[in-house]
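Examining the three-dimensional arrangement
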Amino acid sequence: MSSSSEEEKSKPAIYVNGKRYELRDGIGETTLLEFLRDVRLTGTKLGCGEGGCGACTVVASSITGYDKKTDQFSYAHKAVNACLAPIYAFEGHHVITIEGLGNARDGLHPVQMAIANAHGSQCGFCTPGFVMSMYALLLNARSKNTAAENALISPHDIEEALSGNLCRCTGYRPILKGFVDAFVENKVYSQETIDGDVSNSFKKSVKVSDGTVPICASTGQPCTNGCGGDGEKTDENASSRNVENGANGGTTNAAIKEPLFPIELKRRAKAGTGPLAALAFHGGDAITDSVHNDGVKWHRPTSLKELLDLRDAYPGNESKIVCGNTEIGVEIKFKKALYPRRIHVSGNTIEELDRISMNYDNGEAVFGAAISLSDLERACCGKEASQVERFRAISKQLKWFAGRQIRNVSTLGGNIVTGSPISDLNPIWLALDAMFVVTSKKGGDRYVKARDFFLAYRKVDLKPDEILKQVELKAFNDTDYTGTTAATTKEYFHEYKQSHRREDDIAIVTCGARALFNTSTGECLDFSLGFGGLSFKTIFCSQTANGMVGKHMTKETLDFLMSAIEKECFVDESAPGGMSQYRITLAKSFAFKFFLHCVSDLRTVVDSSSSSSIYELQQNELSSLGRNERQSVVSGAQYFTKKPNGEVVGQPLAHKSAHIQASGEAIYCDDAAKPEGCVHAALVLSTIAHGKILSVDSARAVESIPGVLGYFSAKDIPKNGTNIIGPIAHDEEIFATEYVTCVGQVIGVVVAETRALALRAAAAVKIEYEILEPILSIEDAIAKKSYYTDEMIGMRGFLGHALHSGNVDDIFANEEENIKIISGSTRVGGQEHFYLEPNACVVEVTDNDEVVTISSTQCPMKHQAYIADCLGFSRNKVTCKAKRLGGGFGGKESRSGFMNVAIAVPAYHLRRPVSLVLDRDVDMQITGHRHSFRGDWKVAFDVKSEKILALDVKIYNNAGNSLDLSSSVLDRAILHVDSAYNIPNLRVEGYCCKTNLPSNTAFRGFGGPQGIMIGESVLDDVARHLNVAPDALRENHLYHEGDLTHFGQKLIDCQVRSCWEELKCKREASFADRRKAVETFNQTSKFKKRGFAATPAKFGIAFTALFLNQAGALVNVYLDGTAGVSIGGVEMGQGLFTKVAQIAAKNLGVRFEDVHVLETSTEKVPNASPTAASASSDMYGDATEDACLQIMERLKPIREKMAKDASFKDIVNSAYFQRIDLSAHGWHVTKNLNWDWSVGKGEPFNYYTYGAACSEVEVDCLTGDVNVLRTDIVMDVGDSINPALDIGQVEGGFAQGLGWILLEELKYGDSKNGHKWIKDGVNFTRGPGTYKIPTANDVPEEFNVTLLHDSKNPRAVQSSKAVGEPPFLLGNSVYFAVKDAIYYARQEDENEKNEGAFSLDLPCTPERVRIACGNAFAYGSRDYKTRITI
Ligand SMILES: Cc1cc2nc3c(=O)[nH]c(=O)nc-3n(C[C@H](O)[C@H](O)[C@H](O)COP(=O)(O)OP(=O)(O)OC[C@H]3O[C@@H](n4cnc5c(N)ncnc54)[C@H](O)[C@@H]3O)c2cc1C
Ligand code: FES
Ligand code: FES
């Protein structure tokens, strides 16, 4: 190697997929994710930017050791979140991204193949992240596991490795199944195959093609390129090794590349300089060139001395220690913290901070501050360590701490020094009376008790030049506790944590609990409880501890403990975080659990003379001890009718883009190469809910920040254009002018050369307001009669809708003896779409004032219209394109247009393309959600016949600050309030509440789920009043064929009873048997209760606005016999393009592979309705079929004249030479629709999709934690076009419904009716850190789906049925199962025994569940109404 290249190589560098990138000065603020995307490795996605979704997962490999004797290296392969990783922190690392594995052209890597083939990729935005997490697991298994016969990894390992990855589309089952099948069942990546060892055990367990070909290291398939799987033996200068694809039915013999660990980094390690040498960056010249340099200085010391010198030179705020950056990264992003000098303490570089020393006999331990939490977890879960309760508790607590990617980088020191009041580990250190060793250059070591270390909110006892060095644990029987070392003692230790979501969530309350007993006397020597989540800092319950010492564990001691905790753990109602009653209850519940934990064993260890007074644990209390942990990973069976081979429609084909999604090649809006000269926008948003704009000062932001190109607002709209738009009513301003009516309303937009500068400048725009009183909740809107009206929007017939069947008043007026009337109110919270891909768009105004915009939208036509109207252009000059979306779910139907049009204004003036990508928190604050609803109802039922006679409902939704689609959403709720039940007299009225929240919008189900939930709640309450099984009452009311709905639509081919009956026939699904099993369990379990519920689904298919029920398709046939199809619908993961291709292939008589569906664009199919209402496959499939049939009709005479076996290509060529048009435009108009709100009778829907589900749950009544044990679904999707995609929709839709009812809670500030600790109108839950969608650990452990057999649908293309939204409804089976479990708990409530109906707001979060359960260890009343944003 030449000296100049030696010199080159000594420069700081990072390797990505084997390629070297030199790291320049001036990018200390840049994340690894930004770096990767800048070098066009866009397979790594930005989903949240806060470590909460896993879309940005990459593998970072580094050398952890080198053995000179054997010349062997040891490596660490960590899955990490690139979005929180500072680029400099990965100097000297080898980063592997999705592009480093396989690609669709050359062949996929087995991990990519596994997820793609198992239908684990729908929209695909999350897929690269899942692939990389799985790949990291395999790499680590490869480097560790040597057991030849054993599987390298277990299903649990896989689930755990994926715990930091969110998927909003699939419901997780297929992802896990794909990986378990490939890597556990088939051992595609087993040790033998990885070693390329074709001898002995390998031959036994691995299928070798002919027994002579070596097996590829990566794929486990026969290898023909001679690598033999041992990368070390390949050319050391190669950046990758060839391996062969072919796992799981993939292409074989296609060479793919898996990057090798770079030789340069090995040389560095060998040279003894260590893999990670000392490093310093000076920040570049940020004064003259702030566009390219951020000025952040960066140091990487490699010894404690260097570190302390640096801290000494730059004490306090002059420098910031950075470890995993998981806390700091979030502070920089959300709190806009500035840290101009950073000292990176990297794992594995400073020996003293990297120590782990543990004594399993006496419990002593030393943990270095820079060890990662994964390292700590590993150390504490080893075979011997896990025999020691304190170590086991640490590892168990870490299992529920963030996701794997966070634990891999975040450090013990980072967790402690952050001083977070909800740290999961700090209560453990307090309970163990740990000692923190802090040190500084001048002062040397100083010992601080953990109990004294936390001073105030995020403030700890560290001097400006000090660092935390290590944590020391003293022995079990330290004299501090016993007074004498002679006493025979026994230590108990347990960890507790309850969060909104079980996995990857910060705690609501977290606890470490320790007790030490004298085993001769049974006397308590120490009882230490550390709590997080109860105060502004982690607390130690000293009074409780003092009171407990000397006591024996009797019933009286338990009573004392409960009252002591109640006194010492009091949380004020107005405390930040809210949930005061729940938090106190949790503290008591944890203490109670710990008390039982101790006594469950103590009797067996103390001398028999002392054991009799110990509280006797009852058999039925045993279940309270453990957490609600799962026994297995999600699995299940899928049943559908198989179509004969050769029929393309009806086959379970994989999503057409599955392979490119799995390889990261699929291009989403922000992945596309930006047009030349593209600049970046950031929105200037209102920060108050309601007010008058007094002044806007943008000058400072624009003038003082170099690289900022301008601030644009309403005054910049061209004179022919308009500032007023809206999807139905034009009642919204693009840029607020005089008033702001919600937090997050767009006031202006700043454009700059870089995104970072644009964001900085937008934050610097100063706005003064006169604050006006906001209306935020439905309650407040009702009180002030703040409803949208026709007059308000200047339109007729849109609002004030009501329906009335039979005669409700007569029933209520003639109350008879056997008629009972009850009333209630159902409160249903909203839901965030949480599509994994945040909103993004690019606008370019080209010559002749033509506009091209690429947008992540479900409705390109609206974007075209908004931009044309705003700029005063004709629509024929504006083209909107959408290639694919990373999920939409309704959230990109009408709200995405508002930001797209906002950046069209600067694009017009600057004559430069402008790009906008919303940060997740901004997206969640401004784009609206599923509407929250309230249903006030009164029902009359006959106690003898057990029939509901009349229902009267008033429905309210919280529309927000503009009408958007709220009236249509409300309409669908009105039309679905009957759920699937025949209620002879039904009156329903609807009100759209006008409030100062961001405008709520479409979301899967479009009001249907809320309407149905209100109706189902009525049924459930009636069943409780009648004391009959709710499923029996439901069955008793299900519609029959030919019945009329409450708006007079006759139900034809009504399959709801077929679904219900089939559900009951499922394996062990007989409702009676299931209920019996639940009851048996509940009799033997006091604090864990199971519940069971079955619910039906009936969902009307059609847009309720008649004009939207039309669709176009363009089919072009080419002379090679292939077809290109363009439709107005957008692919967002639902498989629309795949189904359309199947239909086209069938109708043209060509192979599925010969049909390509092209990106959606307004220039190809104009005036398209939004891709919504579940009807897109019906509509675009039919339009495509129409176009294909037209072409086939034209080809018919030619075909007839040709030989019988003439191929399609031959026929097409013949037609071409006869000058026949090979292009056709197909059209669909949904028939059978006949609806008029002014009459309130008719056929608003083309047909209905039906289904039924039953779910069984287990509730921990002491914590409110819910585990969904099993769900069975039967769904009627007609004659399925693609059963695999339909099952994907059923599972994904159900999981989303489950999230809505169980986990996903939006919390907006509302000082009058809601969360008082949040500023009025601000969404507190605006990221994965605070808003929890389900993980793989939340979907049913057993999840079975059946597509109803023998179901036809003459009203839709290919006799299929729409499936996108209906399965969402069935999530409600989980809600009623939870409620069922709570009923059992309430029946045994020692405080308030009562079997009567009770109300439970949605979502039924752990807080609501726990409070509703009540019992002796609860604080406050179980009928307390929790704060809810509705
Ligand atoms: C998605 C996500 C999920 C999370 N989930 C959890 C959770 O479930 N439970 C939980 O408790 N926390 C959680 N956290 C919080 C956070 O990850 C932890 O606190 C983590 O341990 C911080 O470690 P770090 O190395 O990344 O710290 P950094 O961000 O690098 O540093 C944090 C602070 O510690 C200081 N510091 C670090 N080391 C030292 C030292 N040796 N001496 C002096 N100062 C030092 C830094 O200067 C900084 O002020 C989560 C964070 C994220 C982003
Ligand atoms: S983008 Fe990194 S975790 Fe979400
Ligand atoms: S496929 Fe997972 S988020 Fe869409």
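Residues numbered from 1 in each chain as written. Chains lettered and ligands numbered in written order. Predicted model: local features only at pLDDT ≥ 70, side-chain atom pairs only at ≥ 80, totals over all residues. Heavy atoms only, no water.

**Overview of a nonpolar patch on the surface**
Put simply, the rule reads: Patches here are clusters of residues that have more than 30% relative accessible area and form no salt bridge, with a 9 Å joining cutoff for like charges and a 5 Å cutoff for nonpolar side chains (Val, Leu, Ile, Met, Phe, Trp, Tyr). We get accessible surface area from the Shrake-Rupley algorithm with a probe of 1.4 Å; when it comes to residues, only the shown protein chains can shield them. Note on definitions: salt bridges are taken to be side-chain nitrogens of Lys or Arg within 4 Å of carboxyl oxygens of Asp or Glu. The secondary structure listing takes helices from DSSP runs of H or I that are at least 4 residues long and strands from runs of E that are at least 2 residues long, numbered from the N terminus.
Taken together, the side chains of Leu1119, Tyr1216 and Phe1217 make up a nonpolar region of the molecular surface, amounting to roughly 330 Å² of accessible area. By the element assignment, Tyr1216 lies in helix 39 (residues 1208-1217).

**Considering the UniProt feature "binding site: FAD" (unreviewed entry) in the protein**
What counts, and what does not: UniProt positions are given in the numbering used here, feature names are shortened, and annotations may be inferred rather than shown by experiment. Three labels apply to residues, based on accessible area from a 1.4 Å probe with only protein chains included: buried if under 20% of the type maximum, exposed if over 50%, partly exposed otherwise in between. In what follows, residue pairs with any heavy atoms lying within 4.5 Å of each other are defined as contacts. In protein, a polar contact requires one atom able to donate a hydrogen and another able to accept it; more generally it is a pair of N or O atoms within 3.5 Å, and residues adjacent in sequence count only if both atoms are side-chain atoms.
As recorded in UniProt, the feature "binding site: FAD" (unreviewed entry) lies at Ile321, Val322, Cys323, Gly324, Asn325, Thr326, Glu327, Ile328, Phe401, Asp424, Leu468 and Lys497. These residues run over 177 residues, and the two farthest C-alpha atoms among them are 28.4 Å apart, placing them at more than one spot. Its relative accessible area of 6% is what places Leu468 among the buried residues. The residue Lys497 is located in strand 19 (residues 489-499) in this model. When residues no more than four places from it in sequence are discounted, the contact partners of Lys497 are Gln397, Trp400, Phe401, Asp424, Asp505, Ile506, Ala507, Val509, Thr510, Phe590 and Arg627. A distance of 2.7 Å separates a polar side-chain atom of Lys497 from the backbone oxygen of Trp400.

**Observations regarding the UniProt feature "domain: FAD-binding PCMH-type" (unreviewed entry) in the protein**
Feature annotation in UniProt places "domain: FAD-binding PCMH-type" (unreviewed entry) on residues 291-478, given in this structure's numbering. What you have in residues 291-478 is 32% helix and 22% strand, and the ends, taken at the C-alpha atoms, are 59 Å apart.

**A short note on the pairing of strand 19**
Rules: Strand pairing follows a simple DSSP-based rule, namely that at least 2 bridges must link the two strands.
Burial within strand 19 is extensive, with nine of its eleven residues counted as buried. Direction of pairing for strand 19 relative to strand 20 (residues 507-518): antiparallel, over a ladder of eleven bridges. The partner of Thr489 across the bridge, within strand 20, is Asn518.

**Topic: the packing of helix 34 (residues 1030-1037) against helix 35 (residues 1056-1065)**
So the rule is basically this: What counts as an axis is a line fitted to C-alpha atoms, over the stretch in contact for a helix, and the angles between N-to-C directions run from 0 to 180 degrees. Two helices cross in a left-handed way if the nearer one is turned anticlockwise from the farther one by less than a right angle. They cross in a right-handed way if the turn is clockwise. By the convention adopted, Pro, Cys, Tyr, Trp, Phe, Met, Ile, Leu, Val and Ala count as nonpolar, Lys, Arg, Asp and Glu as charged, and the other residues, Gly among them, as polar.
Two elements in contact, helix 34 and helix 35, have axes separated by 11 Å at closest approach and are oriented at 145°. Helix 35 is crossed by helix 34, and the crossing has left-handed handedness. Contacts between helix 34 and helix 35 involve Asp1031, Arg1034, Glu1035, Asn1036 and His1037 from the former and Arg1057, Trp1060, Glu1061 and Lys1064 from the latter. A class-by-class count of the residues in the contact of helix 34 with helix 35 yields one nonpolar, two polar and six charged.

**Brief notes about the site of ligand 1**
Applicable threshold: Proximity is defined per residue: if any heavy atom of the residue lies within 4 Å of a molecule or strand, that residue is considered near it.
Close to ligand 1 lie 34 residues, the nearest being Lys320, Ile321, Cys323, Thr326 and Thr411. Within the contact set of ligand 1, an oxygen atom lies 2.7 Å away from a backbone nitrogen or oxygen of Cys323. Within the contact set of ligand 1, an oxygen atom lies 2.9 Å away from a backbone nitrogen or oxygen of Asn325. Burial of ligand 1 by the surrounding chains reaches 92%, relative to a free accessible area of 980 Å².

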